[in-house]
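Read off the chains here:
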Amino acid sequence: METSTTKTTKWVLDPSHSEILFRVKHLMITNVRGEFRIFTAEAITKDSDFSTASVHVSIDAASLFTNEENRDAHLRSADFFDVENHKEITFDSTSVKKNDDDQLELKGNLTIRGISREVKLDVEFGGIIKDPWGAEKAGFSLIGKINRKDWGLNWNAALETGGVLVGDEVKINAEVEFVKQIPTN
């Protein structure tokens, strides 16, 4: 009987070279930008182009930052992320589709406030390179968009002139760098 062994590789996030950003319309005329400052991620893959990767991301919901203390406090409240009861935002991949040499489509379940919904992210694979200290690094740029109301982030205020204070569509942009882990066995 023949046995097939497929070697997997674990990659972990390099937080000093990674960021998760978001932006949403304010007053229907401009964008407010924000970021999550504390998060971890790992990818398990069987190939060098990440087309079989399994990805898990964990974000500290309280680490959001929009450069305005009162807005950040409101976003952490029960009106939005409710960080007292939902400390973590997670993403777990369900599929990766390779569109060409450096373009991937990543689908997965995004969980916010205990609500999970499938999302699609467009991923640009920057490649793999060794840094000056010999560590193998892989780089990615991700973009996507979600409707915040799908996760119960419903708070809003009507404007006197029509429209609303906060847009429903949230654009996501992430730049991530992973470090290849050396197998321990």
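Calculation criteria
- Residues numbered from 1 in each chain as written.
- Predicted model: local features only at pLDDT ≥ 70, side-chain atom pairs only at ≥ 80, totals over all residues.
- Heavy atoms only, no water.
- Helix = DSSP H or I, 4+ residues; strand = E, 2+ residues; numbered from the N terminus.
- Buried < 20%, exposed > 50% of the residue type's maximum accessible area, 1.4 Å probe, protein only.
- Contact = heavy atoms within 4.5 Å.
- Areas by Shrake-Rupley, 256 points an atom, 1.4 Å probe, with all protein chains shown as cover.
- Lys, Arg positive; Asp, Glu negative; His and termini not counted.
- Charge placed at Lys NZ, Arg CZ, Asp CG, Glu CD.
- 1 Å grid on protein atoms, 1.4 Å probe; cavity = no way out; pocket = protein on both sides within 12 Å on 5 of 7 lines; lining within 4 Å.
- Points joined across faces, edges and corners; volume = space filled by probe spheres on them.
- Nonpolar A, V, L, I, M, F, W, Y, C, P; charged D, E, K, R; others polar.
- Salt bridge = Lys/Arg side-chain N within 4 Å of Asp/Glu carboxyl O.
- Pairing = 2+ DSSP bridges.

Another aspect to go through is the overall build of the protein chain. Helix and strand counts for the protein chain stand at one helix and eleven strands. Counted from the first residue to the last, the protein chain has its helices and strands arranged as β-β-β-β-β-β-α-β-β-β-β-β. Projected onto its principal axes, the C-alpha coordinates of the protein chain cover approximately 70 × 35 × 30 Å. Counting over 185 residues, the protein chain shows a buried share of 35%. In the protein chain, the share of contacts with a sequence separation of at least 24, taken over all contacts with a separation of at least 6, comes to 56%. Carbon and sulfur atoms form 50% of the exposed surface of the protein chain, whose accessible area is close to 11300 Å². For the protein chain, the distance from the average position of its 23 positive side-chain charges to the average position of its 31 negative side-chain charges is 2 Å.

The subject of this paragraph is the layout of surface pockets. In this structure, the largest pocket encloses a volume near 960 Å³. As for the largest pocket, its lining consists of 47 residues, and the residues nearest its centre are Ile 20, Leu 21, Phe 22, Phe 36 and Ile 172. Of the residues in the lining of the largest pocket, the class split is 39 nonpolar, four polar and four charged.

According to the stated counting rule, one finds twelve salt bridges in the structure shown. One salt bridge connects Arg 37 with Glu 35, and the closest N-O pair in it is separated by 3.8 Å. By sharing partners, the salt bridges in this structure join Asp 14, Asp 131, Lys 137 and Glu 177 into a single network.

Attention shifts here to the environment of Glu 35. In this structure, Glu 35 sits in strand β3 (residues 30-36). If near-sequence neighbours (up to four positions away) are discounted, Glu 35 is found in contact with Ile 20, Leu 21, Phe 22, Ser 63, Leu 64 and Phe 65.

Here we take up the pairing of β3. Successive side chains on a regular strand alternate, one facing one side of the sheet and the next facing the other. Note: strand β2 (residues 19-26) against β3, seven bridges, orientation antiparallel. The residue of β3 that forms the bridge with Leu 21 is Glu 35. Between β2 and β3, which follow one another and run antiparallel, lie three residues, and Leu 27 among them has a positive phi close to 60°.

Attention now moves to unusual backbone geometry. Unlike most non-glycine residues, Leu 27 shows phi in positive territory, near 60°. The phi angle at Arg 113 is positive, at roughly 55°, despite the residue not being glycine. Here Arg 113 lies in the loop between β8 (103-112) and β9 (115-130). Since its relative accessible area comes to 21%, Arg 113 is described here as partly exposed.

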